[in-house]
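Tertiary structure, described
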Amino acid sequence: MHESQCSRILALLQSKPEVSLLEIMNMYIANHTARITGLRKKWYKINCRKEYVKTDKGFQVHTFYSLIF
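In what follows, the accompanying structure is described.

Parameters at a glance
Residues numbered from 1 in each chain as written. Predicted model: local features only at pLDDT ≥ 70, side-chain atom pairs only at ≥ 80, totals over all residues. Heavy atoms only, no water. Pairing = 2+ DSSP bridges. Helix = DSSP H or I, 4+ residues; strand = E, 2+ residues; numbered from the N terminus. Contact = heavy atoms within 4.5 Å. Axes fitted to C-alpha atoms, helices over the stretch in contact; angles between N-to-C directions. Patch = residues over 30% accessible without salt bridge, like charges linked within 9 Å, V, L, I, M, F, W, Y side chains within 5 Å. Areas by Shrake-Rupley, 256 points an atom, 1.4 Å probe, with all protein chains shown as cover. Salt bridge = Lys/Arg side-chain N within 4 Å of Asp/Glu carboxyl O. Buried < 20%, exposed > 50% of the residue type's maximum accessible area, 1.4 Å probe, protein only. Expected span 1.5 Å × (residues − 1). Arc of directions from axis to C-beta. Parallel < 35°, antiparallel > 145°, perpendicular 65-115°, else oblique.

Focus: the sheet that holds strand S2 (residues 45-55)
- Read from one edge to the other, the open sheet built from 3 strands follows the order S1-S3-S2, with strand pairing classed as antiparallel. With partners counted over all chains shown, the strands left at the sheet margins are strand S1 (19-20) and S2, one partner each.
- Where S1 and strand S3 (residues 58-68) come together, 2 bridges link them in antiparallel fashion. What sits directly across from Val-19, in S3, is Tyr-65.
- Contacts from helix H1 (residues 2-15) reach S1, S2 and S3 within the one sheet, and its direction differs from that of S3 by about 85°.
- Strands S2 and S3 of the sheet are contacted by helix H3 (residues 32-41), whose axis makes an angle of about 150° with S2.

Here's the deal with a nonpolar patch on the surface
- Residues Tyr-52, Phe-59 and Val-61 make up a contiguous nonpolar surface patch of roughly 370 Å² in combined accessible area.
- If you trace the backbone, Tyr-52 turns up in strand S2.
- With relative accessibility at 55%, the residue Tyr-52 sits in the exposed group.

Re the pattern of salt bridges
- Overall, the coordinates contain 4 salt bridges when judged by the stated rule.
- Between Glu-3 and Lys-42 there is a salt bridge, and its shortest N-O distance comes to 2.7 Å. Here Glu-3 is found in helix H1, whereas its partner Lys-42 is found in the loop between H3 and S2, with 39 residues between them in sequence.
- Residue classification places Glu-3 among the partly exposed positions, given a relative accessible area of 48%.
- By relative accessible area, Lys-42 is classed as partly exposed at 41%.
- One network of salt bridges, with partners in common, ties together Glu-18, Arg-49 and Glu-51.

A look at H1
- For H1, with 14 residues, the first-to-last C-alpha span of 20 Å sits near the 20 Å given by 1.5 Å per residue.
- Among all positions in H1, only Gln-5, Cys-6, Ile-9, Leu-10, Leu-12 and Leu-13 are buried. Down the axis of H1, the sector holding all buried residues measures 160°, keeping them to one side.

Considerations on the packing of H1 against H3
- Running from N to C, H1 and H3 point in directions that differ by 80°, and their axes come no closer than 9 Å. Considered as vectors, H1 and H3 are oriented roughly perpendicular to each other. Of the residues in H3, those in contact with His-2, Gln-5, Cys-6, Ile-9 and Leu-10 of H1 are Arg-35, Ile-36 and Leu-39.

So, in structure tokens, the structure goes:
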């Protein structure tokens, strides 16, 4: 199962310049960190960018991933 989840994340990363964590979670991949770490161990270079958005209750962190070629 882990390999298919890695494959799905990799396909998504290859399909667009940047992928949000929400998009990955919408694929029902809860342990995305382990899957991305697995891809990195296979020598894929994956960048993680965090964006801090101010809300009325403080800050929210939005995370984005991109595949580096």
